[in-house]
Amino acid sequence: MSVSADRPRPEYFAICEVEEIPRGGARAFDLAEPDGDGHKPFRIVIARNKRGDHFAYRNACPHQGVWLNVGSGTFFDDSGALLRCGRHGSQFDLESGKCVAGPCEGAQLVKIGVAVVTGDVCIHGVKLVEEQRSWDDDDTMDITIPLG
Ligand code: FES
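Predicted model only: the values in this text are computed from it and were never measured. Along every chain, residues carry numbers that run from 1 in the direction the sequence is written. At least 70 in pLDDT is required for a residue's local features to be given in this predicted model, at least 80 for side-chain atom pairs to be given and counted, and no such filter applies to totals for whole chains, interfaces and linings, which use all residues. Think of the side-chain values as coming from all heavy atoms in the structure, minus any hydrogens and water.

**Considerations on the overall build of the protein chain**
Move 1: Looking only at helices and strands, the protein chain has zero helices and ten strands in total.
Move 2: Where helices and strands are cited, they refer to DSSP runs of H or I of at least four residues and of E of at least two residues respectively, numbered from the N terminus. Sequence-ordered secondary structure for the protein chain, helices as α and strands as β, is β-β-β-β-β-β-β-β-β-β.
Move 3: Working rule for contacts: check all heavy atoms of both residues, and any pair within 4.5 Å makes them a contact. In the protein chain, once contacts between residues fewer than 6 apart in sequence are set aside, the share between residues at least 24 apart is 51%.
Move 4: Areas reported here follow the Shrake-Rupley algorithm with a probe of radius 1.4 Å; residue values treat only the protein chains shown as occluding. Accessible surface, the protein chain: about 8400 Å² in total, of which carbon and sulfur atoms supply 48%.

**Considerations on the sheet that holds strand 5 (residues 82-84)**
Move 1: Pairing is antiparallel in the open sheet, where three strands are placed in the order 5-6-7. Looking along the sheet, the strands with just one partner apiece sit at the ends: strand 5 and strand 7 (99-101). Across this sheet, the average inter-strand angle for adjacent strands is 45°, counted without regard to direction.
Move 2: One ladder, built from three bridges, connects strand 5 with strand 6 (residues 91-93); its direction is antiparallel. The partner of Arg84 across the bridge, within strand 6, is Gln91. When DSSP locates at least two bridges between a pair of strands, those strands are taken to pair. All axes are obtained by fitting lines to C-alpha atoms, using only the stretch in contact for helices, and the reported angles, taken between N-to-C directions, cover 0 to 180 degrees.

**Structural notes on unusual backbone geometry**
Move 1: Phi at Thr118 is positive, roughly 45°, even though this residue is not glycine.
Move 2: Within the element layout of this structure, Thr118 appears in the loop between strand 8 (111-117) and strand 9 (120-124).
Move 3: The exposure class assigned to Thr118 is exposed, which follows from its relative accessible area of 74%. Burial status follows relative accessibility: with a 1.4 Å probe on protein chains alone, a residue under 20% of its type maximum counts as buried, one over 50% as exposed, and anything between as partly exposed.

**Structural notes on the pairing of strand 2 (residues 26-35)**
Move 1: Pairing of strand 2 with strand 3 (residues 38-48), which is carried by ten bridges, proceeds in the antiparallel orientation. Bridging across to strand 3, Phe29 finds its partner in Ile44.

**Regarding the pattern of salt bridges**
Move 1: When a carboxyl oxygen of Asp or Glu lies within 4 Å of a side-chain nitrogen of Lys or Arg, that pair is called a salt bridge. One pass over the structure, following the stated rule, counts six salt bridges.
Move 2: Between Glu33 and Arg58 there is a salt bridge, and its shortest N-O distance comes to 3.1 Å. Highlighted residues: Glu33 in strand 2 and Arg58 in strand 4 (residues 54-58), separated in sequence by 25 residues.
Move 3: The exposure class assigned to Glu33 is buried, which follows from its relative accessible area of 12%.
Move 4: Among the salt bridges present, the one from Asp78 reaches Arg84, with a minimum N-O distance of 3.8 Å.
Move 5: For Asp78, a relative accessible area of 74% gives the class exposed.

Listed below in structure tokens is the structure:
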């Protein structure tokens, strides 16, 4: 099978360094995606299991669309094994994003491709807009790595 030289290369967006999310931890990032001539918020959470694998999801509960970390600001249930929505307590399998208990049982978080590239946690398969944000001063989305 041949691969066209004109095929667009996937874009990988570096979100943070690997060490910025500890094993068993999670962190929210407020990014932006294209929306017509402008852009709109693109909020994600990147979580790591105890083995150190990364998982990325849109930070939106399938029940009512709120941030998963609404309220307490945390992402995990008391066991540390499941993601939990702070509003009504739905619990999600970390690796699949499927809701395993709560008001939206059976529903699915929107999964985002994630990979570690040269020490950076990168997302892919999405379109992002770099913008000057005024609501915080973190340095997410600092580089873009085109990969073949
Ligand atoms: S909004 Fe998340 S469980 Fe209701």
